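Commentary on secondary and tertiary structure
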Amino acid sequence: MTQQPPERVRVTGPPRRPTRRRTRGREIDDQTALGAVLMGSLLRAQLRLAVGLLVPLVLLAAGIPLAFHLWPELAATEVLLVPVAWLLLGFAVYPLLFLLGAAYVRRAERNERDFAELLEAAEG
Amino acid sequence: MNTAPSIVAVVVVAIATVAIGTWGLRFSRTTSDFFVASRTVRPALNASAIGGEYLSAASFLGIAGLVLTFGADMLWYPVGWTAGYLVLLVLVAAPLRRSGAYTLPDFAEARLGTPLVRSVCSLLVVAIGWLYLVPQFQGAGLTLDAALGAPGWLGSAIVPAVVLVNVLTGGMRSVTFVQAFQYWLKLTALLVPAVILLTVWIDDGATSPARVGADAAAWSLPVADGGGPGLYLTYSLIVATFLGTMGLPHVVVRFYTNPDGRAARRTTVVVLALLGVFYLLPPIYAALGRVYAGDASSDVLVLELPRLMVGGAAGDLLSALVTAGAFAAFLSTSSGLTIAVAGVLSQDAVGRSRLSGVAAFRVSAVIAAVVPCVVAIAAPDLGIARAVGLAFAVAASTFCPLLVLGIWWRGLTDIGAVTGLGVGFLGSSVGVAYAFAPVTSSGWIHALMAQPAAWSVPLAFATMVLVSRATRHRIAPEVNRFMVRLHTPEAVVLDRGDS
């Protein structure tokens, strides 16, 4: 699978209904200077978004064990009759993970929409 | 103790699994159907299937037992197994799908352009898959022993047999339906008894599990005890579970069944919700176990708790329900792993013979299931969640750096990748060897060997980066085109080489 598959040849009749308008990616596929700039900016935006979402996760995963290691008496603290560690790791963390995931998808798709629009504008 | 309801439950789950698989067969026609369900599975169905496949015996039985025995620091297992999907979502989900490859070895070869990386990845997929399958089969033996009094080898042999019937007849397409069904079965099988047991507990005066026993405060501490080494163990567990999910072969194969990168992301978010709901339940069993079960044997706590708390016929019925769920857990995870391992074996080993695509896949599936089945019967039992944790550590130390660097860094070279995979594998294998070896130690040496992920993962990343830098001339010539394919949204028409 090292070599590219042969160029596909499409054999069709005349179109019966109008095909959906799609952006054409010739600029980035052909590695033009403009395409490289656009591609680089998309990559950076997506990476920045990913890192931005991982930071709270890392803080959480690093902070909770450290806090309980430094102050073991926290384990006896109860909120609503439940020890705080159970409340955090048994319950609260799951909605948080879901919300982070949903926020990521929204923003990642926005980045991609912006990219497609820019590309369209660039290709005229 | 009346075992009839549990026997009926196990038989019903096995028959339902084969029946749904056969029904799914009507949609299975081509080799592509066998491997990746022809990439047409929609997010809601695919997310249920991922949940069904991912929630293994370790989640269903292992977590409750570990939390009962060791306390709140073991809650990091379910948290990490869920957070792993968030890491997967933000770093690899969409690009991995857009790469257009079938398996991890395909991805590695397409990205790095050399067959050597492909062979190394194939070996790793088989190693991780088998490491993960052995505790599933052992757990099946334990379950049938606890629920029905059947000899341990019987369960370890029945599960691979049912899995093979399913995989051999239907492949990936039919397994998708089976696994979606099994997620909901597993959720019901833990949820209904949990609600009933909680009402029993409230009727009994709702004794707080956190105030029972001598070491009450330590039980609510989310860090392993033992000072510095304890803190290290907890961090290492977090690293392995957060980063290991993306490198599990059966998880990765599932992502190729999404129609496109956008669907891959949406599927992952639904998975986060499904896992979050499921993982609320095992800690409830652990907490109730602390009040009612005392020192029950840890891996079968979930199966025995209903009988301990609700006697008589009602207890037997609830027990049958959790047994059914546990059986579904073994079947679904084992199916997914068998398919993933068989996919790699059939492409890279058996497929080199003269067999056709589907025949090679079937021969590979038999090899993929029988080898770990034999090991499961012969090898010592480590505890399900711990053994599965080792598979996560290996995945986090090998495929995680390969995927993250391969997707986000143009500079990764084939030599860098192979060296990093080797270093990560050797490092994480220390944990596997230590777990099986008849030696014990304590303090820092024990911590570093028992949970190697916190040093083996950074070591693998560093090796890949440094060796790639040193072999810069070997950067694949096609890398820019491949990067474009990974990151460009589907709305932009490209030569993706796969559609």
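Anything mentioned here points back to the structure above.
Attention in this report is confined to the structure presented alongside it. Chains are numbered independently. Their residues run from 1 in the order of the written sequence. Working convention: letters from A go to chains and numbers from 1 go to ligands, in the order in which they are written. In keeping with the predicted nature of the model, local features appear solely for residues at pLDDT of at least 70, side-chain atom pairs appear and are counted solely at 80 or more, and the whole-chain, interface and lining totals rest on all residues. Water and hydrogen atoms play no part in the side-chain values, which are based on all heavy atoms of the structure.

**Overview of the nonpolar core**
For soluble globular proteins, nonpolar side chains are generally found buried alongside one another. Counting residues in each nonpolar core, the largest one holds 173 residues, and the members touching the most others are Trp81, Leu91 and Leu402 of chain B. We call a set of buried residues a nonpolar core when its members are Ala, Val, Leu, Ile, Met, Phe, Trp, Tyr or Cys and they connect through side-chain atoms within 4.5 Å of each other. Between buried and exposed lies partly exposed: a residue is buried under 20% and exposed over 50% of the maximum accessible area for its type, with that area taken using a 1.4 Å probe on protein chains only. In this structure, Met39, Leu42 and Phe115 of chain A together with Val492 of chain B belong to the second largest nonpolar core, which totals eight residues.

**Section: the interface of chain B and chain A**
Each partner contributes to the interface: chain B provides 61 residues, whereas chain A provides 54 residues. Accessible area that two parts lose when put together, with a 1.4 Å probe and added across both, is what the buried area reports. Here chain B packs against chain A, burying approximately 5,100 Å² in sum over the two surfaces, 70% of which is carbon and sulfur. Among the residues of chain B in contact with chain A, Val90, Arg265 and Trp408 of chain B are the three that bury the most area, contributing 12% of the side total. Note on definitions: salt bridges are taken to be side-chain nitrogens of Lys or Arg within 4 Å of carboxyl oxygens of Asp or Glu. Counting every contact that joins chain B to chain A gives four salt bridges. Its salt-bridge partner being Arg98 of chain B, residue Glu112 of chain A comes within 2.9 Å of it at the nearest N-O pair. Polar contacts, as counted here, are pairs of nitrogen or oxygen atoms within 3.5 Å of one another; within protein the pair requires one atom able to donate a hydrogen and one able to accept it, and residues that are adjacent in sequence qualify only if both atoms are side-chain atoms. The interface formed by chain B and chain A contains six residue pairs in polar contact (both at pLDDT 80 or more). Comment: elements are numbered from the N terminus, with helices defined as DSSP H or I runs of at least four residues and strands as E runs of at least two. Residue assignment for the side of chain B that touches chain A shows that the elements contributing at least two residues are helix 5 (76-91), helix 7 (104-112), helix 10 (216-219), helix 11 (227-244), helix 13 (261-278), helix 22 (479-487) and strand 1 (492-493) of chain B. Among the elements that take part in the side of chain B that touches chain A, helix 5 of chain B stands out by supplying ten residues, more than any other. Throughout this entry, Asp, Glu, Lys and Arg are counted as charged residues, while Ala, Val, Leu, Ile, Met, Phe, Trp, Tyr, Cys and Pro are counted as nonpolar. The remaining residues, Gly among them, count as polar. A per-class count over the side of chain B that touches chain A returns 36 nonpolar, 13 polar and twelve charged. Contacts were defined at the residue level, with two residues in contact if any of their heavy atoms lie within 4.5 Å.

**Focus on the pattern of salt bridges**
Using the criterion set out here, one finds eight salt bridges over all chains in the structure. The partner of Asp316 of chain B in a salt bridge is Arg307 of chain B, and the shortest N-O contact between them spans 2.9 Å. Of the charged contacts, one joins Arg474 of chain B and Asp414 of chain B as a salt bridge, the two residues approaching to 2.7 Å between their closest N and O atoms. Linking Arg474 of chain B in the loop between helix 21 (453-470) and helix 22 with Asp414 of chain B in helix 19 (residues 414-436), this pair joins segments that are 60 residues apart in sequence. Connected via shared salt-bridge partners are Glu109 of chain A together with Arg262 and Arg266 of chain B.

These figures come from the coordinates and say nothing about function on their own.
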